[in-house]
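Architecture and fold: a report
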Amino acid sequence: MIRSAIRAHLPAMLPLFLLGAAHAQPSAATVTAARTAGVYPAAAAPGETAWIFGLGGVPPEGKLNVGGQATEYRLDRPSGWLAFQVPQAAAGGPQALTLRGAPQTLRLNVLTLPPGTDALVYVRPDAAKTVQAEYTRRLQALTETCAKTCPAEVQSVLRRLSAQPAPTLTPLTAPVKGQGVTPGLAARVAGTPAVRAPLITLNTLKAASLTGLLNPVARPPAAPTDSICSALAGTVPTAGLPLGQVLTLLELIFAGDLQTDPTRVGWPNQATDPPYAKMPPAQVLARLLNLRGGSGKGVTIHVLDTASAAEDPFTYSGQYYTVPFTDRPYHGRAIGEIAQAVAPGAQLNYRQVCEKDGSCSTLKTVQALCAVATDARRGGRHVVNLSVGGPNPTRGLELALREVTALGVPVAASYGNRDDCASLVAGDRCNHYPADWTRAFEFGPAVNLASRSLRPTMLFSVAGWDIAGGRLATYNRGVGNPGVLTEAPSVQAPGEFWLGGYPYFGTSFAAPVVSGLLANWMSCQPGVPLLPLITTPGQAPIAASVVNACP
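What this report covers is the structure whose coordinates are included nearby. Just so you know, these numbers come straight off a predicted model, no measurement behind them. (Residues numbered from 1 in each chain as written. Predicted model: local features only at pLDDT ≥ 70, side-chain atom pairs only at ≥ 80, totals over all residues. Heavy atoms only, no water.)

Observations regarding helix α9 (residues 395-405)
Going by this rule: Each residue is assigned to one of three classes by its accessible area relative to the maximum for its type, calculated with a 1.4 Å probe on protein chains only: buried under 20%, partly exposed between the two thresholds, exposed over 50%. Under the DSSP-based scheme used, a helix requires at least four consecutive residues in state H or I and a strand at least two consecutive residues in state E, with every element numbered from the N terminus.
Of all eleven residues in α9, ten are buried; the element is thus mostly enclosed. Every buried residue of α9 is listed here: Arg395, Gly396, Leu397, Glu398, Leu399, Ala400, Leu401, Glu403, Val404 and Thr405.

A short note on the sheet that holds strand β11 (residues 232-236)
Note the following rule: For two strands to pair, DSSP has to find at least two bridges joining them. Residue contacts follow a heavy-atom distance rule, with two residues in contact if any of their heavy atoms lie within 4.5 Å. Every axis in this analysis is a line fitted to C-alpha atoms, fitted for helices over the stretch in contact. Angles between the N-to-C directions lie between 0 and 180 degrees.
Pairing within the open sheet is antiparallel, and its four strands lie in the order β10-β11-β9-β12. Bordering the open sheet on either side are β10 (170-171) and β12 (258-262), each of which pairs with just one other strand. Bridge count between β10 and β11: two bridges; the pairing is antiparallel. Bridge pairing in β11 links Pro171 to Leu232. The strands that helix α8 (residues 362-378) touches are β9 (119-123), β11 and β12; relative to β9, the one it contacts most, it runs at about 35°.

Considering unusual backbone geometry
With an omega of -10°, the peptide bond between Tyr40 and Pro41 qualifies as cis. Locating Pro41 in the fold gives a position in the loop between β1 (38-40) and β2 (43-44). Residue Tyr433 is joined to Pro434 through a cis peptide bond whose omega torsion reads 15°. Following the sequence through the fold, Pro434 ends up in the loop between β21 (411-414) and β22 (447-449). At Tyr330, a position not held by glycine, the phi torsion is positive, near 75°. Among the secondary structure elements, Tyr330 is positioned in the loop between β16 (323-329) and α7 (332-342). Judged by its relative accessible area of 36%, Tyr330 is partly exposed. In this structure, Ser423 takes a positive phi of about 75° despite not being glycine. On the secondary structure map, Ser423 appears in the loop between β21 and β22.

What to know about the side chain of Arg333
Cut-off, in case you're wondering: Neither His nor the chain ends is counted toward charge; the positive residues are Lys and Arg and the negative residues Asp and Glu. Salt bridges are defined as contacts in which a side-chain nitrogen from Lys or Arg sits within 4 Å of a carboxyl oxygen from Asp or Glu.
Following the sequence through the fold, Arg333 ends up in helix α7. No salt bridge is formed by the buried Arg333, whose closest oppositely charged neighbour, Asp312, lies at an N-O distance of 5.4 Å. When sequence neighbours within four positions are dropped, the list of residues in contact with Arg333 reads Ala307, Ser308, Ala309, Ala310, Glu311, Asp312 and Tyr350.

Observations concerning the nonpolar core
The condition is simple: Each nonpolar core is a collection of buried residues, namely Ala, Val, Leu, Ile, Met, Phe, Trp, Tyr and Cys, held together in the definition by side-chain atoms within 4.5 Å.
Counting residues in each nonpolar core, the largest one holds 54 residues, and the members touching the most others are Ile301, Phe460, Val462, Val513, Val514 and Ile542. Looking at which element gives the most residues to this core, the answer is helix α10 (residues 511-522), with eight residues. Ignoring anything within four residues of it in the chain, the contact list for Val462 reads Ala412, Ala413, Ser414, Tyr415, Val491, Ala493, Thr507, Ala510, Ala511 and Val514. Trp81, Leu142, Val154 and Ala208 belong to the second largest nonpolar core, which has 46 residues in total.

Focus on the packing of helix α1 (residues 128-145) against helix α2 (residues 152-162)
To keep it simple, the criterion reads: Just so you know how the angles are binned, under 35 degrees is roughly parallel, over 145 roughly antiparallel, 65 to 115 roughly perpendicular, and the rest oblique. For a crossing to be left-handed, the near helix must be turned anticlockwise from the far one by less than a right angle; the clockwise case is right-handed. Put simply, Ala, Val, Leu, Ile, Met, Phe, Trp, Tyr, Cys and Pro go in the nonpolar bin, Asp, Glu, Lys and Arg in the charged bin, and everything else, Gly too, in the polar bin.
Direction vectors running N to C along α1 and α2 enclose 160°, while the axes themselves pass 9 Å from each other. When the axes of α1 and α2 are compared, the pair comes out roughly antiparallel. Like other packed secondary-structure pairs, α1 and α2 cross with a definite hand, here left-handed. Listed contacts from α2 to Tyr135, Thr136, Leu139, Gln140, Leu142 and Thr143 of α1 are Leu158, Arg159, Leu161 and Ser162. Among the residues making up the contact of α1 with α2, the classes are represented as five nonpolar, four polar and one charged.

Topic: the packing of aromatic side chains
Convention followed: Stacked, tilted and edge-to-face are the three classes applied to pairs of Phe, Tyr and Trp rings, where Trp contributes its six-membered ring and a pair requires centres within 6.5 Å; stacked means planes under 30 degrees apart, edge-to-face means over 60, and tilted covers the rest.
Scanning the model with the defined rule gives eleven aromatic pairs in all. A ring pair is formed by Tyr40 and Trp81, whose centres lie 5.7 Å apart and whose planes are at 55°; its orientation type is tilted. You can see Tyr40 sitting in strand β1 and its partner Trp81 sitting in strand β6 (residues 81-85), a full 41 residues away along the chain. Like Tyr40, the residue Trp81 is buried in the burial classification. Members of the aromatic cluster, each reached through a chain of ring pairs, are Tyr316, Tyr320, Tyr321, Phe325, Trp498 and Phe505.

Quick look at the state of the cysteines
Rules: By definition, disulfides here are pairs of cysteine sulfur atoms that lie within 2.5 Å.
In the structure shown here, the tally under the stated rule is five disulfides. Sulfur-sulfur distance for the disulfide between Cys354 and Cys360 comes to 2.1 Å. Measuring the twist about the S-S bond at about 100°, one finds the Cys354-Cys360 disulfide to be right-handed. For the pair Cys354 and Cys360, a shared accessibility class is recorded, and that class is buried. Residue pairing for Cys524: its cysteine sulfur links by disulfide to Cys550, the two sulfurs lying 1.9 Å apart. Its torsion about the S-S bond being -90°, the disulfide of Cys524 and Cys550 is classed as left-handed. Highlighted residues: Cys524 in the loop between α10 and α11 (544-547) and Cys550 in the segment after α11, separated in sequence by 26 residues.

Remarks on the environment of Leu252
Within the secondary structure, Leu252 is located in helix α5 (residues 243-253). It is 9.7 Å that separates the C-alpha atoms of Leu252 and Leu199, two residues lying 53 residues apart in sequence.

Below you can see the structure in the form of structure tokens.
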């Protein structure tokens, strides 16, 4: 992925139910024993305060690690929680919290987001009236029960949040006559809708403490998850409020009926004489992969990026090998041109989800994926290219990807570049979503290949393959960052091309190679191909049987 000069980092995907514990009372030397330890809020930005609660036998002050970054904690006596400030240099996305005496399961989603990022809410259609009617009352009820047992900062956030009006809700996507949501995504049993009872009510909030709500033992089982595309959406302003607390609190008071994300979803992703300078992509791929000329006829490649059907306002400046460049145009448009060089018979459909400055909208991305799902239900074969991403897992994005992949639509997502991990230290996890969900989208029985057991996936995490050295490119995420933890990609592809006299390089431009190959495959073969990660230096990164799958 290329990265814009102005980084708009990807938002948080919060777990619906947080690990929790009953209220713990402090002693002079240690925090007394309680139930399961947990973290509040589920997400927090660098410099913000977070807490661990329900932890016993730990000194009232000391040090803990957020990923590989050390920070001090102290006991908040009114609540019995351990307060700590998220380090300014903390890596984005889910990071392990390590503290002697604490369980190994503690995680905090570190929000690396630009100022002014608001909260996006998704509401079940049958719960919309409840959310609108009880929004303020539920926040006020929790404020009252939190008055004596919560940290002062949490009480302040609740008071200020409850002073805001309920968000205006509108359908996330326009209904399509005669079309429903994908079967199975709404937790249906034998075709009959599951009966839904509210998990949290106004009376529950009046009777429970915040710590009690966070305790999973005390919470009912989760309600069925409806299709994200049928939800109503709204925005909650967070000016002056810690976004992670807003997201967590709203999910707690409307458990099962409301889900949240930040409004920003990520950014579009982006050394000796350059190889294959100014050679057309199709010729480069013919040399490197022995691509004999694909078709992709009858397949639509949906490019969710900076380009619309009419324009692509994105520009980028940098250096490629010894070649400096300024205001190089396009990102999404280049993605489409590379995909079409691989599959010239495929139809391109540009869907603009990112702005000129490189910031990408959570809502626009979810809406674009829901539109792809609508197209897929009408018929035809489809592929999605997502050369965007960031460190925070986003619930709406994952659910929308479930929607399209359940319809047989594969997705190629860029793995992320080395600069995504800049300044991280050993122990930090360098995350990049949606690519890091690739294992979660595996399906079917395992296939034994070269002494490895592999399963096909509907979400391909595409790393860049060095076209000069014939190996994993040094611009890939995690390369050259010793001790930094990363999820492995699922496949490599060439990621360096020249278009219009400009170089385009990075995992962003490896993803459309796979998108094009998927389109070629689907034009003559069933399902999706198995694309193992080939890392042998000098060996082509993709098997010839996939590159030239069609006669």
